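These are the residues of each chain, in order.
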Amino acid sequence: DTEVTQTPKHLVMGMTNKKSLKCEQHMGHRAMYWYKQKAKKPPELMFVYSYEKLSINESVPSRFSPECPNSSLLNLHLHALQPEDSALYLCASSAGTSGRTDTQYFGPGTRLTVL
Amino acid sequence: AQSVTQLGSHVSVSEGALVLLRCNYSSSVPPYLFWYVQYPNQGLQLLLKYTSAATLVKGINGFEAEFKKSETSFHLTKPSAHMSDAAEYFCAVSAETSYDKVIFGPGTSLSVIP
């Protein structure tokens, strides 16, 4: 099973709302990622968790808060977002054991709209 | 600094024609290179990757890519385009200093004309 699942598929929220995006994988991978993707652009890395510890934070605003409750789950908590945060949010995972040759497996994404 | 360039933000080919998507990279360490495809409203899927084992890499769906160090290129080809190949294609290189990071190119949108 090489599947990464993400919920919800679509999310519409106001600027004062608090919501969470969820990601799950059962491949035994030890690295998990959050990306933000705008239309017709490549994914932009936001956060990386390696062995359940935050290893990379690409200077993302604090209104985005990641959480890795266990090795299979990754959450992204959203609070006080801005309309420019509207995008496709992609989760990915990789084995975390082969170094720079690791393949990242992507989920289908959550389409977020901030009103 | 590492970077990936993809010549042509949009490429159109006729069904049955050769597909050639270009990728050039810069890296101060031996590169590991990837091609990902993204179909509309979906996540990215790995097509193939170069890990220094062989310079000609075969991937899924009939795609292949050749690593040319002298040209710092990793172009993606497919002999005969299918309508189902219409998608966004991203070339990527592993970051020099982080095991968990890849640098994506800007992407090439492939259209297939019937």
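Reading the values: the criteria
Residues numbered from 1 in each chain as written. Chains lettered and ligands numbered in written order. Predicted model: local features only at pLDDT ≥ 70, side-chain atom pairs only at ≥ 80, totals over all residues. Heavy atoms only, no water. Phe/Tyr/Trp six-rings, centres within 6.5 Å; stacked < 30°, edge-to-face > 60°. Helix = DSSP H or I, 4+ residues; strand = E, 2+ residues; numbered from the N terminus. Buried < 20%, exposed > 50% of the residue type's maximum accessible area, 1.4 Å probe, protein only. Salt bridge = Lys/Arg side-chain N within 4 Å of Asp/Glu carboxyl O. Pairing = 2+ DSSP bridges. 1 Å grid on protein atoms, 1.4 Å probe; cavity = no way out; pocket = protein on both sides within 12 Å on 5 of 7 lines; lining within 4 Å. Points joined across faces, edges and corners; volume = space filled by probe spheres on them. Nonpolar A, V, L, I, M, F, W, Y, C, P; charged D, E, K, R; others polar. Contact = heavy atoms within 4.5 Å. Disulfide = S-S within 2.5 Å. Polar contact = N/O pair within 3.5 Å; in protein donor to acceptor, adjacent residues only side chain to side chain.

(A) Quick look at the packing of aromatic side chains. Residues and elements named next belong to chain A. Applying the stated criterion across every chain yields a total of 13 aromatic pairs over all chains. Between Tyr35 and Phe106, the aromatic rings sit 5.4 Å apart at their centres with planes inclined by 40 degrees, giving tilted as the arrangement. Here Tyr35, found in strand E4 (residues 31-37), pairs with Phe106, found in strand E10 (residues 105-106); they are 71 residues apart in sequence, far enough to count as distant. There is no split in this pair, since Tyr35 and Phe106 are both buried.

(B) Spotlight on the pattern of salt bridges. Residues and elements named next belong to chain B. Applying the stated criterion across every chain, the model contains five salt bridges over all chains. The residue Asp85 makes a salt bridge to Lys78 at a minimum N-O spacing of 2.9 Å. Residue Asp85 is classed as buried on the basis of its relative accessible area, which comes to 2%. Look at Lys78 and you get buried, because its relative accessible area is 8%.

(C) Structural context of the pairing of strand E10 (residues 87-94) of chain B. Residues and elements named next belong to chain B. Taken across its eight residues, E10 has eight buried, putting it largely inside the fold. Because side chains alternate across E10, one face comprises the buried residues Ala87, Tyr89, Cys91 and Val93, and the other comprises Glu88, Phe90, Ala92 and Ser94, equally buried. Bridge count for E10 against strand E12 (residues 108-113) is three bridges, and the pairing is antiparallel. Its bridge partner lying in E12, Glu88 is registered against Ser109.

(D) Geometry of empty space enclosed by the protein. Residues and elements named next belong to chain A. Summed over all chains, the structure comprises two cavities of 30 Å³ or more. In this structure, the largest cavity encloses a volume near 40 Å³. Lining the largest cavity are His29, Arg30, Ala31, Met32, Tyr49, Tyr51, Glu52, Cys68 and Ser71. Partitioned by chemical class, the residues of the lining of the largest cavity number five nonpolar, two polar and two charged. In this model, the second largest cavity occupies a volume close to 30 Å³.

(E) Looking closely at the environment of Tyr89 of chain A. Residue and element names in this part refer to chain A. The residue Tyr89 is located in strand E9 (residues 87-94) in this model. On the basis of relative accessible area, Tyr89 is assigned to the buried category, the value being 0%. Between the C-alpha atoms of Tyr89 and His77, which are twelve residues apart in sequence, the distance is 12 Å. With residues up to four places along the chain from it excluded, the contact list for Tyr89 reads Gln6, Leu21, Tyr35, Lys36, Met46, Phe64, Leu76, Gly109, Thr110 and Leu112.

(F) View of the state of the cysteines. All names here are of chain A. Per the counting criterion, the structure on display carries two disulfides over all chains. The disulfide bridge from Cys23 ends at Cys91, spanning 1.9 Å between sulfur atoms. Every disulfide takes its handedness from the sign of the S-S torsion; for Cys23 and Cys91 that torsion is -70 degrees, giving left-handed. With Cys23 in strand E3 (residues 18-25) and Cys91 in strand E9, the pair connects residues that are 68 residues apart, well separated along the chain. This pair shows no difference in class: Cys23 is buried, exactly as Cys91 is. Cys68 takes part in no disulfide bond, and the closest cysteine sulfur, belonging to Cys23, lies 9.3 Å away.

(G) Expanded view of the environment of Pro30 of chain B. By secondary structure assignment, the location of Pro30 of chain B is in the loop between strand E4 (24-26) and strand E5 (33-38). It is 9.6 Å that separates the C-alpha atoms of Pro30 of chain B and Ser94 of chain B, two residues lying 64 residues apart in sequence.

(H) Representation of the environment of Trp34 of chain A. Residues and elements named next belong to chain A. Relative to the assigned elements, Trp34 resides in strand E4. Residue Trp34 is classed as buried on the basis of its relative accessible area, which comes to 0%. Taking the C-alpha atoms as reference points, Trp34 and Ser93, separated by 59 residues in sequence, lie 9.1 Å from one another. Of the polar contacts made by the side chain of Trp34, one reaches the backbone oxygen of Asn75; its length is 3.2 Å.

Such coordinate-based values are descriptive only and should not be taken to indicate function.
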